[in-house]
Amino acid sequence: MVVLYSTEQYYPLQAGRATADYNLTYALAQAGHVVYVITNNTYGPLQLKREGGISIVSSGSIRREAIEIAPRLFVIEMDIYYKEGWKGEVALYQDFVRYFECDLFIASGIWAWTSDLTFDLLPVCSAKKKILRSHGEYALIYGGPKGFVQHLKLWAKKILYSAERYRLNAYVPLLRAKLKQCLKDYDRVFFLHKRSHGYEYLRPYCPNIDVLPNGVFEKDICPPKTLPKSYLCPQHNTTQHNTTQHNTTQHNTTQHNTTHNLLENWGDGPYVLNVSSYYKEKGQDAVLEAYYRSEADIPLVFVGFLNAGDTLDSLKTLKTQLDHTYGTREVHFLYQLPREQVLEIFKKATLFLHASHEEGFPMVILESMQFGIPFICTDVGNVRDLCAELIINSPLEMATKINALLGSPDYYNQMSQELHYTIKEYTYEKIVGKVESVIQD
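Residues numbered from 1 in each chain as written. Predicted model: local features only at pLDDT ≥ 70, side-chain atom pairs only at ≥ 80, totals over all residues. Heavy atoms only, no water.

**Overview of the overall build of the chain**
- Secondary structure summary: the chain contains 18 helices and 19 strands in total.
- Looking at the 441 residues of the chain, the share that counts as buried comes to 53%.
- Accessible surface, the chain: about 19300 Å² in total, of which carbon and sulfur atoms supply 50%. (Helix = DSSP H or I, 4+ residues; strand = E, 2+ residues; numbered from the N terminus. Buried < 20%, exposed > 50% of the residue type's maximum accessible area, 1.4 Å probe, protein only. Areas by Shrake-Rupley, 256 points an atom, 1.4 Å probe, with all protein chains shown as cover.)

What follows is the structure in structure tokens.
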């Protein structure tokens, strides 16, 4: 079949949603389908570069370049951004979606131009079937006015403001209303899991609702790791601290490292790992605190592709403060590494830590499981469904769990084995069938 897939975030961007959408479209292409992905050519100030053969694809009277980044997987770049409303190639995108002849149109994301700009086109677009794939609805459910007083203020703004200014101030409630009206026009609405914030709220408006989780490829699943010995040391002597401080400072000032240098410094590990963009809401500060409060005797490695504001600098400052409080520890902050190097670092890790404040379905947790690594994570998304025993709610709880896993090979090996069995249920070989079934129905 021919699939038109629309997403705001996509390869080569290293972000959870971008990785999830790339993996799904790649899996569809691997299954023999022809997939065209409409996406941005930038992400904020970041210019995204994609390589591959160029062909021309038509939709009505529109002709557009398509980059074949993998067999049967094409990217059509458009320039759409938000600045007091959706701007850029908005009309071109809407016309392209409306007239493109395909078996399946998939809009990825709620509160995104991919879906927001196409609600009114669903009854008339040329696609035989339409899917909405949600990546999380936290902002939709918890953003915007709630209660009588807030709705009264919104009503007053409708009277006092211009129509355009009102729409900007009332975007969330207007989007909620639009969803309730238009969800019936999709042949299937997929949520990441049944714990998703909007699942119960939007369920009455979806005639066909289902779960489409994130996943990994079966061929990439590694055997569960084993812990050869305890990696705890209650006492860190002064000599070790001074040596470590020298190494840490060197890595703090070097943001771009090569896989060769990393493996040369650390060998095959062991080390504790956190992979996440440097955003405040990703909770790296809690991970750092938990590591210092633990008795872990192996390094901590942070890897991030994006950096919001002063997040990375503030983490380095926090490390200095924690050094004075707990004694110097070996911590590495790595930034904007190529995807291949990130995966190589994943492979060598011993334990994965994640303390995000809010997630839909964290891809990094699935990736840690893919590499056979036990994780410790805050109670976000559906991580509880993956392994409730490894959920924590504070840095102190995370430190305690670090000690439990790194201090007991038996416990570590048991958890890695259990996670290995679980990850086999989240393969794209199984997930793709849910998408294909929409056409078959």
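**Focus on the packing of helix H11 (residues 284-293) against helix H16 (residues 395-407)**
- H16 packs onto H11 with a crossing angle of 50 degrees between their chain directions and a minimal axis gap of 8 Å. Taken together, the axis directions place H11 and H16 in an arrangement best described as oblique. In terms of crossing hand, the pair formed by H11 and H16 is right-handed. Where H11 approaches H16, its residues Ala286, Val287, Glu289, Ala290, Tyr291 and Arg293 are matched on the opposing element by Pro395, Leu396, Met398, Ala399 and Ile402.
- In terms of residue class, the contact of H11 with H16 is made up of nine nonpolar, no polar and two charged. (Axes fitted to C-alpha atoms, helices over the stretch in contact; angles between N-to-C directions. Parallel < 35°, antiparallel > 145°, perpendicular 65-115°, else oblique. Left-handed = near helix turned anticlockwise from the far one by under 90°. Contact = heavy atoms within 4.5 Å. Nonpolar A, V, L, I, M, F, W, Y, C, P; charged D, E, K, R; others polar.)

**Some points on unusual backbone geometry**
- Cis peptide bonds are those with omega within 30 degrees of zero, and the linkage from Tyr11 to Pro12 qualifies with 10 degrees.
- Of note, the phi angle at Arg72 is positive, near 70 degrees, even though the residue is not glycine.
- With respect to the helices, strands and loops of the structure, Arg72 is situated in the loop between strand E6 (62-70) and strand E7 (73-78).
- In this structure, Gln336 is a non-glycine residue whose phi angle is positive, near 55 degrees.
- Tracing the backbone shows Gln336 in the loop between strand E16 (331-335) and helix H13 (339-348).

**Some thoughts on the side chain of Thr350**
- Tracing the backbone through its elements, the reader meets Thr350 in the loop between H13 and strand E17 (351-354).
- Once residues lying within four places of it in the same chain are set aside, the contact partners of Thr350 are Leu227, Tyr231, Pro270, Tyr271, Ile298, Ile373, Pro374, Leu406 and Tyr412.

**Notes on the pattern of salt bridges**
- Applying the stated criterion to the full structure yields 18 salt bridges.
- As a salt-bridge pair, Arg64 and Glu89 come within 2.8 Å of each other at their nearest N and O atoms. Of this pair, Arg64 sits in strand E6 while Glu89 sits in the loop between strand E9 (86-88) and helix H2 (90-99), and the two are 25 residues apart along the sequence. (Salt bridge = Lys/Arg side-chain N within 4 Å of Asp/Glu carboxyl O.)

**Side note on the packing of aromatic side chains**
- Taken as a whole and judged by the stated rule, the model has 19 aromatic pairs.
- A ring pair is formed by Tyr138 and Tyr142, whose centres lie 4.8 Å apart and whose planes are at 45 degrees; its orientation type is tilted. In this pair, Tyr138 and Tyr142 both sit in helix H4 (residues 138-142), four residues apart, roughly one turn of the helix.
- Judged by centre distance (5.8 Å) and plane angle (90 degrees), the rings of Tyr291 and Tyr292 are edge-to-face.
- By relative accessible area, which is 2% here, Tyr292 ends up buried.
- Site record: aromatic cluster; members linked through ring pairs are Tyr10, Tyr11, Tyr22, Tyr26, Phe217 and Tyr428.
- Across the ring face of Tyr291, the terminal group of Arg329 is positioned such that the distance to the ring centre comes to 4.5 Å.
- Just above the ring of Tyr292 sits the side chain of Arg329; from NZ or CZ to the centre is 5.8 Å. (Phe/Tyr/Trp six-rings, centres within 6.5 Å; stacked < 30°, edge-to-face > 60°. Lys NZ or Arg CZ within 6 Å of the ring centre and 35° of its normal.)

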